[in-house]
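# Close look at the chain arrangement
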Amino acid sequence: MFVLVAVTLTGCAVQEYVPEGKTILINNWVEIKDLEQTTISKSEVSNYIIQNADRNIYGWLPRVWLYYKTVNKTSAFGKWVNRSIAHKPTYYNAQSTAESRVQMETYLNNMGYFKSKVHTEKTDKKKRSTVAYHVTPTKPYYIRDVGYKIKDSVVAKIVSEMESEMPVKSGDIYNAFNMDKERELITTRLRDKGYYFFTKDYIIFEVDTNLRQHKADIMVRIDGEKHDKYIINRVFINPNYNVQNPNPTMNDTVPFTFSIGKKHTEHRFDFTYSRPPKIKFKTFNQVILIHPGEEYSQHRVKQSYRAMGGLKLYNMSNISFDTIPSKPGDTVKMLNCNVNLQRGKLN
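Please read these numbers as outputs of a predicted model, since none were measured by experiment.

### A short note on the environment of R191
You can see R191 is positioned in helix α7 (residues 176-191). The class for R191 is buried, based on a relative accessible area of 15%. Between the C-alpha atom of R191 and that of E295, which follows or precedes it by 104 residues, the distance is 9.4 Å. In this structure, R191 is in contact with Y196, F197, F198, Y296, S297 and Q298, ignoring residues within four places of it in sequence.

See below:
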C-alpha cells in the first residue's frame, strides 16, 4: 500500500530523472483524413507503429517513476520492485517513427490506395512526447478484370474449377494480401492433387493500372510448360526409429495389407525394423492416411502427423518422400513414403 501511495503522489515527477536530450513516449495516435471515404480503419494502420508508448494516467508515469527510484537499489526488496512492478521508460526514437511511417504507406499501397502519404508530428511537454500520424489516403484502385495465363492444360482446368473460391475478384478494391491468399490457395489445392513439387513461386500476378480511371487489370500467370503429378508407390513404416542411429541394419521388411472397408480397395504398408516392434501393425490403419496407388496429398500428410501425435507410445514422428527414377515411356511419376516413429524413453 505504501508503494502505491508513493507512486501516486510522485508519479508526475519523472522528468527530473529523464536524461538530457531524451523524452518518454507516452502516446501514439492516428488521424485518417476523409475516413468515411475509405475502407481503412485507424486500428489497421496503428498495427504498423513500431514503438509502443508507455502506459500512463493522464501523463502520469507511476511505474516509470518506480523504475528510476529502484534501478540502482541493492536490497532484495528494491530489486523485486524494479523487476516486478516498475517499468523501464520508452524513450522516443525518431528512426522508429520514420520506419512506422514507411510501413504505413506500404500497407496503404498494398490495400489499393497507391501513393498515399503519412505525415508525422511530434509534440513535447515536460520531457514527454506524443506522436501523431496524419494519414492522407488517395482514391483507391478497383479491379476491373482478372485473367489467367496457364500453359499446363491440366493445371488450368483445376484452377478454373476454383473460380468461385478465389479471393481476387473483379469489382473489389485492389488488395495485395488477397493475392497472397490466392497464391496460397492454388498451391495448396495442387499439392493436394498430386503436385508434390509445385510451389507458390510458380504463381505470378501481373498488374496493369489505368491512372485516370483508377482501375487495375490483373493477370494470374502460372509458369511451367508441364507440372508432374506424383502417385504414392510404397509406404515404409519404421516403428523403432532412433534419431541417434537413423540408418541401422534392417533385418526384416514385413508387408501388411489393410482393408479400409468392404467397398474400398485394400492397401499395403511395408514395415521395416531391426528388432520386433512390440506394436500391432493394425494400429497404423487409422493413423497413416497415405496409401499406395493414391495421389500425393499435402492434406493427408498433415492429417497423418496429427493422428500420429495421438500415439502416446511415440514422442517423435517424421514423414519423408523419395522420388523413383522414371523409365522411358513412363507417364506417371512415383514417390515412396517413409514414416519413422521414435518411442518415448519410458516406452
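Once the structure has been displayed, the description carries forward.
### Remarks on the sheet that holds strand β5 (residues 203-210)
The three strands lie next to each other as β4-β6-β5, forming an open sheet whose pairing is mixed. In the strand order of this sheet, the two ends are held by β4 (142-150) and β5, each with one partner. Averaged over all pairs of adjacent strands, the angle between their axes in this sheet comes to 20°, without regard to strand direction. Pairing of β4 with strand β6 (residues 215-222) involves eight bridges; the strand directions are parallel.

### Quick look at the nonpolar core
In terms of nonpolar packing, the biggest core is built from 25 residues, with V235, I237, F284, I288, I290, F321 and V339 touching the most fellow members. Broken down by secondary-structure element, the contributors of at least two residues to this core are β7 (230-238), β9 (266-273), α8 (298-308), β10 (314-324) and β11 (333-343). If near-sequence neighbours (up to four positions away) are discounted, V235 is found in contact with F269, D270, I288, I290, H291, P292, C337 and V339. The next biggest cluster of nonpolar side chains, apart from the first, holds 21 residues, and it includes V155, M179, I186 and I222.

### Details of the side chain of H291
Locating H291 in the fold gives a position in the loop between β9 and α8. Residue classification places H291 among the buried positions, given a relative accessible area of 6%. Within the structure, H291 has its side chain in polar contact with the backbone oxygen of I288 (distance 3.4 Å).

### Re the confidence of the model for the protein
Averaged over all residues, the pLDDT of the protein is 88; the fraction at 70 or higher stands at 90%. Taken element by element, the predicted model of the protein shows its lowest mean pLDDT in helix α1 (residues 2-10) (46) and its highest in α7 (98). Between residues 1-9, whose pLDDT stays under 50, and residues either more than four places distant or in other chains, the model counts eight contacts.

### Quick look at unusual backbone geometry
One non-glycine residue, K127, lies in the positive phi region at around 60°. Relative to the helices and strands, K127 resides in the loop between β2 (117-125) and β3 (128-136). Owing to a relative accessible area of 28%, K127 belongs among the partly exposed residues under this scheme. Unusually for a residue other than glycine, H214 sits at a positive phi of about 55°. With respect to the secondary-structure elements, H214 resides in the loop between β5 and β6.

### Points about helix α5 (residues 94-110)
In this model, α5 (17 residues) spans 25 Å end to end at C-alpha, consistent with the 24 Å of a helix rising 1.5 Å per residue. For α5, the full list of buried residues reads S96, T97, S100, M104, E105, Y107 and L108. Considering only its buried residues, α5 is in contact with β1 (24-32), α2 (42-46), β2, β3 and α7. For α5, the N-terminal cap is N93; the gap from its side-chain oxygen to the backbone nitrogen of Q95 is 2.9 Å.

### Digging into the packing of helix α3 (residues 62-70) against helix α4 (residues 76-84)
In the contact formed by α3 and α4, the axes pass within 9 Å of each other and the chain directions differ by 145°. Note on packing geometry: the crossing formed by α3 with α4 is left-handed. Contacts from L66, Y67 and T70 in α3 reach G78, V81 and N82 in α4.

### Brief notes about the pattern of salt bridges
Pairing between side chains of opposite charge can happen when the charged atoms of each approach one another. Per the counting criterion, the structure on display carries 14 salt bridges. Here E184 makes a salt bridge to K200, at a shortest N to O gap of 3.6 Å. Of the two residues, E184 is situated in helix α7 and K200 in the loop between α7 and β5; the sequence distance between them amounts to 16 residues. On the basis of relative accessible area, E184 is assigned to the partly exposed category, the value being 39%. A salt bridge links K226 to D228; the nearest nitrogen and oxygen atoms lie 3.4 Å apart. On the accessibility criterion, K226 (59% relative accessible area) is exposed. One salt-bridge network, in which partners are shared between bridges, spans E206, R221 and D223.

Rules and cut-offs
The residue numbering used here restarts from 1 in each chain and proceeds along that chain's sequence as written. Where local features are concerned, this predicted model is filtered to residues with pLDDT of at least 70; where side-chain atom pairs are given and counted, the filter is 80 or more; whole-chain, interface and lining totals use all residues. Side-chain numbers here rest on the full set of heavy atoms in the structure, without hydrogens or water. What counts as a helix is a DSSP run of H or I of at least four residues, what counts as a strand is a run of E of at least two, and both are numbered from the N terminus. For the exposure calls, accessible area comes from a 1.4 Å probe over protein chains only, and a residue counts as buried if that area is under 20% of its type's maximum, exposed if over 50%, partly exposed in between. Any pair of residues with heavy atoms lying within 4.5 Å of one another is described as a contacting pair. Strand pairing is assigned whenever DSSP identifies at least 2 bridges connecting the two strands. Only the contacting stretch of a helix is used when fitting its axis, a line to C-alpha atoms as for every element, and angles between N-to-C directions run 0 to 180 degrees. Among buried residues, those of type Ala, Val, Leu, Ile, Met, Phe, Trp, Tyr and Cys that are joined through side-chain atoms within 4.5 Å constitute a nonpolar core. In the analysis that follows, any N or O atom pair within 3.5 Å is treated as a polar contact, provided that within protein one partner can donate a hydrogen and the other can accept it, and provided that, for residues neighboring in sequence, both atoms belong to side chains. Values of pLDDT, ranging from 0 to 100, describe the predictor's confidence in every residue of the model. Expected span of a helix, by definition, is 1.5 Å for each gap between consecutive residues, and there is one gap fewer than residues. Here is the rule for handedness: rotate from the far helix to the near one, and if that takes an anticlockwise turn smaller than a right angle the crossing is left-handed, while a clockwise turn gives right-handed. A pair is scored as a salt bridge if a Lys or Arg side-chain nitrogen falls within 4 Å of a carboxyl oxygen belonging to Asp or Glu.

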